[in-house]
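# Overview (structure and organization)
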Amino acid sequence: MVPDWKVVQDYLEILEFPELKGIVFMQTACQAVQHQRGRRQYNKLRNLLKDARHDCVLFANEFQQSCYLPRERGESMEKWQSRSIYNAAAWYYHHCQDRMPIVMVTEDEEAIQQYGSETGGVFVISFKNYLDNFWPDLKAAHELCESILQSRRERENESQESHGKEYPEHVPLEVLEAGIKSGRYIQGTLNVNKHRAQIEAFVRLQGASSKDSDLVSDVLIHGMKARNRSIHGDVVVVELLPKSEWKGRTTALGENDGEDKALGESPSEPMPTGRVVGILQKNWRDYVVTFPSIEEVQSQGKNAQKILVTPWDYRIPKIRISTQQAEALQDFRVVVRIDSWESTSMYPNGHFVRVLGRIGDLEGEIATILVENSISVVPFSEAQMCEMPVNTPENPWKVSSQEEREREDLRKTHLVFSIDPSGCEDVDDALSVRALDNGNLELGVHIADVTHFVAPHSYIDIEARTRATTYYLADRRYDMLPAILSADVCSLLGGVDRYAVSVMWELDKTSYEIKEVWYGRTIIRSAYKLFYEAAQDLLDGNFSVVKDIPEFKDLDEKSRQAKLEELVWAIRKLTDIARHIRAKRDSCGALELEGVEVRIQLDEKKNIHDLIPKQPLEVHETVAECMILANHWVAKKIWESFPHQALLRRHPPPHQEFFSELRECAKAKGFFIDTRSNKALADSLDNANDPNDPIVNKLLRSMATQAMSNALYFSTGSCAEEEFHHYGLALDKYTHFTSPIRRYSDIIVHRLLMAAISKDKKMEIQENLFSNKDLEELCRHINNRNRAAQHSQKQSTELFQCMYFKDKDPETEERCISDGVIYSIRTNGVLVFIPRFGIKGAAYLRNKDGLVVSCGPDGHSEWKPGSLQRFQNKITSTTTGGESVTFHLFDHVTVRISVQTSRCHSDTIRLEIISNKPHMTPDTELLQQSSLLLKSDLVKEVTRSVEEAQLAQEVEVNITEDYQKYCQTKGRSLYTLLEEIRDLALLDVSNSYGI
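How each quantity is defined
Residues numbered from 1 in each chain as written. Predicted model: local features only at pLDDT ≥ 70, side-chain atom pairs only at ≥ 80, totals over all residues. Heavy atoms only, no water. Helix = DSSP H or I, 4+ residues; strand = E, 2+ residues; numbered from the N terminus. Buried < 20%, exposed > 50% of the residue type's maximum accessible area, 1.4 Å probe, protein only. Contact = heavy atoms within 4.5 Å. Phe/Tyr/Trp six-rings, centres within 6.5 Å; stacked < 30°, edge-to-face > 60°. 1 Å grid on protein atoms, 1.4 Å probe; cavity = no way out; pocket = protein on both sides within 12 Å on 5 of 7 lines; lining within 4 Å. Points joined across faces, edges and corners; volume = space filled by probe spheres on them. Axes fitted to C-alpha atoms, helices over the stretch in contact; angles between N-to-C directions. Parallel < 35°, antiparallel > 145°, perpendicular 65-115°, else oblique. Nonpolar A, V, L, I, M, F, W, Y, C, P; charged D, E, K, R; others polar. Pairing = 2+ DSSP bridges. Right-handed = clockwise from strand over helix to strand, strands pointing away. pLDDT = per-residue confidence, 0-100. Domains from an automatic or database assignment. Salt bridge = Lys/Arg side-chain N within 4 Å of Asp/Glu carboxyl O. Expected span 1.5 Å × (residues − 1).

## Brief notes about the environment of Leu-681
In this fold, Leu-681 is placed in helix α22 (residues 678-687). The exposure class of Leu-681 is buried, given its relative accessible area of 0%. When the C-alpha positions of Leu-681 and Gly-589 are compared, they lie 8.0 Å apart, and in sequence the two are 92 residues distant. Not counting chain neighbours up to four residues away, the residues in contact with Leu-681 comprise Leu-591, Phe-659, Leu-662, Ile-673, Asp-674, Thr-675, Met-708 and Tyr-727.

Dropping the structure here:
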């Protein structure tokens, strides 16, 4: 089957059905999708071609001498495309010696009439006829095809009936490109403000336009008309409006727009404002929507088959679809796909794809999160599972004799152990430390050798590349690799032989300076699989935890004591090494940005028992320090061997304007935050400590995190070496090597490291390495999937937070009352952080009725007529009776937590200030004491001694070119947990900057 360009555009989701195999896609059709349907649709097509399970192929017909047809004078692009595809199909039929019939499917009736009988053996039919004749039993495909055809008929009828234009036409592509080059137009990605979706969007500059323009901020797009049919995520072209028409960013909280204007409250200072004149790349994807209620359907008018559905994502406009199932589907979450958006229509047109589940049902809401983040996780196929090793009681997996000869065997010489979260099954990494005969120490980081089991371009490799990462949600995970690898044969479990890739350093016995480093494949047997809490207890000398460590249970007292002393020595030595390395690097400017990670505690029936903020432990830092050390040294190694095709990770310096809120908030407490370099920022944050309230420092560090740019994977051949810097970790080179079970980037890095080792040994490189171009494309895909993983994790955590509070009466339930800290002031309310649950949200000081908060002598609040007056660091509520109350930045207040339900969107946490006094409980006091992970006194002491030693040697400090250009402090630095920190509940979903 050979589809023409229109079929590929309109019916791609049907062509993705697993039953339809062996499709020949012509280059002409693929290019039409790329140019007319945007990046997402084109990437879906490319993924279909790459997926070996579909057995499809791309034929470059425009580069084949017998197939290429020049476009004739006056011939439309559409007619030329259809003619080219038919000509290639006919050539292919003759190429197969007229033995295999070819079916060209097209929606062009003229093409069917013209070419239908031109070549015997080449059948030209419509896509619907193709399904009817060849796939009569494929019911889902027939229903989807009918939905697409119905949507098209409705659009055509609407176009004929409509005379007026709702939006201006887009400027032709060649004019857009010329305008971008000349500076008349600006190119960037449209980001819609989810709290102001109808009126406020911003274009973040990119490409040549951002370098050549004098603009230093985003461009505001005010109103739907100025957005001109562009959708959140589209790459758009913008024309700036005259300065007299510039508008300011709204500073009020989201729900009271109209009231703010009625009361005369103005937005912030005017900023560059523009209008969209064209779209370079559409970001259209599958959208989860909700059908209107029966009453709303009836109110939409006479033609109830044309329904406006509401997307789950606030940033997406309503979509018009044609359906006769509106009543049956009103209680369900449904997936639709946008087909077009005509200038004559207020809304885009789309078609029904499938039903996800009932509104409010857990599985339906999780499916919604997955679809909204374009996460498709299906069970691993039979072909993929056939490539997996076997490990059963009858046929246990074991180390092969060949691998024993080729690998370094550490099973009898090294005490190897892992430290992981409780319940962890996919153990990527293990550690070792031992004394050498010369008195020095050897530190080892041992990583699961996934690439031994995942061959390049195998079925499982292609699947892992597509997924790119393991997706962790609040109550489940979707693995990148099958469980036989991720939780068994690759996982470095205790007491079993496993293949590993190891990095081992020889360290000076006193200063811990690195003398030598060794990389290679090893065989290990982890002696202990420890949880963080148990390792911390052993570090602290609490040996009662030994009874809970399985490896000690069957030992006699003497053996237990000897092995316990050996393990405790290793943990303490590892921690001591990490402290010294950390202190030395900390003095050079690495950032320590922190937040609260909330763990969802479920009971046996998967009901939510509690929301628990994760308690920081020193062993977390010890393990993270060792992993970051390994990542850094592997990055240096693969870059030295392959300077133009190594996969590294860079973190650009943040824009200084993003630090403005951080500086203002710190100023309110009397602190000065210097953001000129990572070193200056780190020192400022260390000094911004309120001895009476450790939450202040935590919130300032959270704001610093939000100001950060995204860290990104990249190919070293795609940018200059001076751009490799990692700002947060203060490293010149960095990569990800330590988690190949759950990150595809690490699999690529393992292959590069193995190739580098072979290169050093003058051996033939067995690994199939990516070219710079292919690697850069892969990096873009992995970066995209990482963002999806971060967003889905946050959204699932927010889902469970709402489920936790939804069944509780906020008026009577004790847990619905909590202490909160004000961290931002708006014109109609404040933003509040609740440490107990890791919740961050808006608390309004003026409600929809125009009443303002008033607090009596006892602190308790009520709503009264009045007004609000906002200042830089405080907001005052004054009633008409003259009573007033002022809320300052970092004030502790008592907050009532409830859930604001929504039929069309996700439920959200609602915060209400019920007292201007703190809510103190024993839990609050304990949390305040442990909420901030401060450096231990020992680390501070070591840091001071290192700084003193450096000062004794330094006579003069010069500001280097690197410092001026990249805000990067020269020198070795602390590898802090910025890289390993998971997306924190403290950060907004709309503003996540994963490091």
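So, next bit.
## Some remarks on the packing of aromatic side chains
The tally for this structure, following the rule as stated, stands at 14 aromatic pairs. Their ring planes at 10 degrees and their centres at 4.3 Å tell us that Tyr-86 and Tyr-115 sit as a pair that is stacked. Taken together, the residues Tyr-86 in helix α4 (residues 77-95) and Tyr-115 in helix α5 (residues 109-115) connect sequence positions 29 residues apart. On the basis of relative accessibility, which here comes to 3%, the residue Tyr-86 falls in the buried class.

## What about unusual backbone geometry?
For Gln-97, which is not glycine, the phi dihedral falls at a positive 60 degrees. In this fold, Gln-97 is placed in the loop between α4 and β4 (102-105). For Gln-97, a relative accessible area of 53% translates into the label exposed. Located in the positive-phi region is Ala-730, a residue other than glycine, with phi close to 55 degrees. Looking at the secondary structure, you find Ala-730 in the loop between β30 (712-715) and α24 (744-760).

## Observations concerning the layout of surface pockets
A probe as big as a water molecule, rolled over the atoms, marks out the empty space that is left. By volume, the second largest pocket amounts to about 790 Å³. Around the second largest pocket, the lining is made up of 25 residues, and of these Glu-406, Arg-521, Met-754, Ser-758 and Glu-767 lie nearest the centre. Residue assignment for the lining of the second largest pocket shows that the elements contributing at least two residues are α15 (401-406), β25 (514-525) and α24. The element contributing the most residues to the lining of the second largest pocket is α24, with five residues.

## Observations regarding the packing of helix α18 (residues 532-540) against helix α20 (residues 618-641)
The packing of two helices is summarised by the inter-axis angle and the distance between the axes. Put simply, α18 and α20 touch, their axes get as near as 8 Å, and they point 105 degrees apart. Between α18 and α20, the crossing angle belongs to the class labelled roughly perpendicular. Touching Tyr-532, Ala-535, Gln-536 and Leu-539 of α18 are Glu-618, Val-619, His-620 and Val-623, all from α20. Classifying every residue of the contact of α18 with α20 by side-chain character gives five nonpolar, two polar and one charged.

## Quick notes on the sheet that holds strand β26 (residues 528-531)
Judged by pairing direction, the sheet is mixed, and its seven strands sit side by side in the order β18-β25-β24-β21-β20-β19-β26 without closing on themselves. Two strands close off the open sheet at either side, each with one partner strand: β18 (408-409) and β26. Judged from the two bridges that link them, β18 and β25 form a sheet pairing that is parallel. Paired with Asp-409 across the strands is Ile-523, a residue of β25.

## Some points on the pairing of strand β5 (residues 122-125)
The alternating pattern of β5 places Val-122 and Val-124 on a buried face, while none of Phe-123 and Ile-125, on the opposite face, is buried. With four bridges joining them, β4 and β5 adopt parallel strand pairing. What sits directly across from Met-104, in β5, is Val-124. Once the chain exits β4 it traverses α5 before rejoining the sheet at β5, and the crossover so formed is right-handed.

## A closer look at the confidence of the model for the chain
Per-residue pLDDT for the chain averages 84, and the proportion of residues at 70 or more is 86%. Here residues 208-212 scores under 50 on pLDDT; set against residues more than four positions off or in separate chains, the count is four contacts. Contacts of residues 924-995 to residues separated by more than four positions or lying in other chains number 183 contacts, the stretch itself having pLDDT below 50.

## Some remarks on the side chain of Arg-337
Counting through the fold element by element, Arg-337 comes out in strand β16 (residues 332-340). With sequence-adjacent residues up to four places away left out, Arg-337 is seen in contact with Glu-13, Glu-16, Lys-44, Arg-285, Asp-286, Asn-349, Gly-350, His-351 and Val-353.

## Some points on the sheet that holds β5
Sheet architecture is open: three strands sit in the order β1-β4-β5, paired in parallel fashion. The strands lining the two open edges of the sheet, one partner per strand, are β1 (2-3) and β5.

## Side note on helix α13 (residues 362-372)
Within α13, nine of the eleven residues are buried, which leaves it mostly tucked inside the rest of the structure. When we look at burial in α13, the residues that qualify are Gly-364, Glu-365, Ile-366, Ala-367, Thr-368, Ile-369, Leu-370, Val-371 and Glu-372. Buried residues along α13 sit against β13 (286-290), β16, β17 (349-358), β23 (477-478) and α25 (772-806). Residue Ser-374 follows α13 closely and has a positive phi angle near 55 degrees.

## Considering empty space enclosed by the protein
Taken as a whole and assessed by the stated rule, the structure comprises seven cavities of 30 Å³ or more. Residue lining of the largest cavity: Gln-9, Asp-10, Glu-13, Arg-37, Gln-41, Trp-284, Arg-285, Arg-337, Ile-338, Asp-339 and His-351, and that is the complete set. The leading source of residues in the lining of the largest cavity is β16, at three residues. Residue composition of the lining of the largest cavity, grouped by class: two nonpolar, three polar and six charged. Among the domains, domain 1 (2-137) and domain 2 (173-254 + 265-373) are the pair contributing at least three residues each to the lining of the largest cavity.

## Concerning the pattern of salt bridges
If you walk through the whole model with that rule in mind, you get 55 salt bridges. Taking the shortest distance from any N to any O, the salt bridge between Glu-912 and Arg-910 comes out at 4.0 Å. The class for Glu-912 is buried, based on a relative accessible area of 18%. Here the salt bridges share partners, and the residues they tie into one network are Glu-404, Asp-409, Arg-411, Asp-497 and Arg-525.

## Thoughts on α20
An ideal rise of 1.5 Å per residue puts 34 Å on 24 residues; α20 measures up with 35 Å between its terminal C-alpha atoms. Counting buried positions over the 24 residues of α20 gives 21, a clear majority of the element.

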